[in-house]
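Reading the structure
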Amino acid sequence: MDRPPVISPLEAILTLFALAAIFLMVNMGKVAAILLQASPWLVAAALAVYACTMLLMSFRIRLILSHMGENVPFGKAFSANAAGLLASDVTPARAGYFVVPFLLKKSCNVKVEKGMSAIVSPQIV
């Protein structure tokens, strides 16, 4: 059975620092006020579309890597993809998505080159 991923103290500190920076740059009161005015159905629909996007992109990553001879469990592909999507939402030019190959390397020992190919090749096509 796989053991849960271990977060190093440096990763935890960097994550907390990034979250703090985001919260300092965003007026959370204004965000909360806007969300409270939004239609619950539209918020639910947006979350459903986002979840479907994450599932389909995770499946795509897993499928491409399987054709390269890598057996990546869907859960690990999903976790790496989710982290990449969330990082890309807050980085310029969606550069955060390039963390996915490094997360796949860490969790499944997939070569970074293969992980990068699984990310970049669908965008090129």
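Residues numbered from 1 in each chain as written. Predicted model: local features only at pLDDT ≥ 70, side-chain atom pairs only at ≥ 80, totals over all residues. Heavy atoms only, no water.

**Considering the packing of helix α5 (residues 100-108) against helix α6 (residues 112-124)**
Between α5 and α6, the least distance of the axes is 8 Å, while the angle of their chain directions is 135°. Put simply, α5 runs oblique to α6. Relative to α6, the crossing made by α5 is right-handed. Seen from α5, the contacting residues are Val 100, Pro 101, Phe 102, Leu 104 and Lys 105; seen from α6, they are Val 112, Gly 115, Met 116 and Ile 119. Split into classes, the residues belonging to the contact of α5 with α6 amount to seven nonpolar, one polar and one charged. (Axes fitted to C-alpha atoms, helices over the stretch in contact; angles between N-to-C directions. Helix = DSSP H or I, 4+ residues; strand = E, 2+ residues; numbered from the N terminus. Parallel < 35°, antiparallel > 145°, perpendicular 65-115°, else oblique. Left-handed = near helix turned anticlockwise from the far one by under 90°. Contact = heavy atoms within 4.5 Å. Nonpolar A, V, L, I, M, F, W, Y, C, P; charged D, E, K, R; others polar.)

**Notes on the nonpolar core**
A general feature of soluble globular proteins is that nonpolar side chains tend to end up buried together. With 15 residues, the main nonpolar core has Ile 61, Leu 65, Val 72, Tyr 97, Val 100 and Leu 104 as its most contacted residues. At the level of secondary structure, the elements contributing two or more residues to this core comprise α3 (40-67), α4 (74-89), α5 and α6. Contacts of Val 100, omitting those with residues within four sequence positions, involve Ile 61, Ala 80, Asn 81, Gly 84 and Ile 119. (Core = buried A, V, L, I, M, F, W, Y, C linked by side-chain atoms within 4.5 Å. Buried < 20%, exposed > 50% of the residue type's maximum accessible area, 1.4 Å probe, protein only.)

**Here's the deal with the pattern of salt bridges**
Under the defined criterion, the tally for this structure stands at one salt bridge. The salt bridge partner of Glu 70 is Lys 114, with a shortest N-O separation of 3.0 Å. Linking Glu 70 in the loop between α3 and α4 with Lys 114 in helix α6, this pair joins segments that are 44 residues apart in sequence. The buried category is assigned to Glu 70, whose relative accessible area is 18%. (Salt bridge = Lys/Arg side-chain N within 4 Å of Asp/Glu carboxyl O.)

**Observations regarding α3**
Compared with an ideal rise of 1.5 Å per residue, which puts 28 residues at 40 Å, α3 spans 41 Å between its outermost C-alpha atoms and is within 8% of the ideal. All buried positions along α3 are accounted for by Met 54, Met 57, Ser 58, Ile 61 and Leu 65. Gly 69 lies just past α3 and shows a positive phi near 90°. (Expected span 1.5 Å × (residues − 1).)

**Some thoughts on the confidence of the model for the chain**
Here the chain averages 86 in pLDDT, and 94% of its residues register 70 or above. Across the chain, the element-wise mean pLDDT spans from 80 in helix α1 (residues 9-25) up to 94 in α3. (pLDDT = per-residue confidence, 0-100.)

**Describing the environment of Ala 32**
By the element assignment, Ala 32 lies in helix α2 (residues 28-37). Judged by its relative accessible area of 35%, Ala 32 falls in the partly exposed class. Spatially, the C-alpha atom of Ala 32 lies 18 Å from that of Ala 45, the residues being 13 residues apart in sequence.

**A few points about the packing of α4 against α5**
With their axes 9 Å apart at the nearest point, α4 and α5 run at an angle of 150° to one another. As the angle between them shows, α4 and α5 are arranged roughly antiparallel. Seen along the crossing, α4 lies across α5 with a hand that is right-handed. Touching Lys 76, Ala 77, Ala 80, Asn 81, Ala 83 and Gly 84 of α4 are Val 100, Leu 103, Leu 104, Ser 107 and Cys 108, all from α5. Class assignment for the residues of the contact of α4 with α5 results in seven nonpolar, three polar and one charged.

**Here's the deal with a nonpolar patch on the surface**
Together, Leu 16, Leu 19, Phe 23, Met 25, Val 26, Met 28, Val 31, Leu 35, Val 43 and Leu 47 line one region of the surface with nonpolar side chains, adding up to about 940 Å² of accessible area. Per element, the largest residue contribution to the nonpolar patch is four residues, and it comes from α1. By secondary structure assignment, the location of Met 25 is in helix α1. (Patch = residues over 30% accessible without salt bridge, like charges linked within 9 Å, V, L, I, M, F, W, Y side chains within 5 Å. Areas by Shrake-Rupley, 256 points an atom, 1.4 Å probe, with all protein chains shown as cover.)

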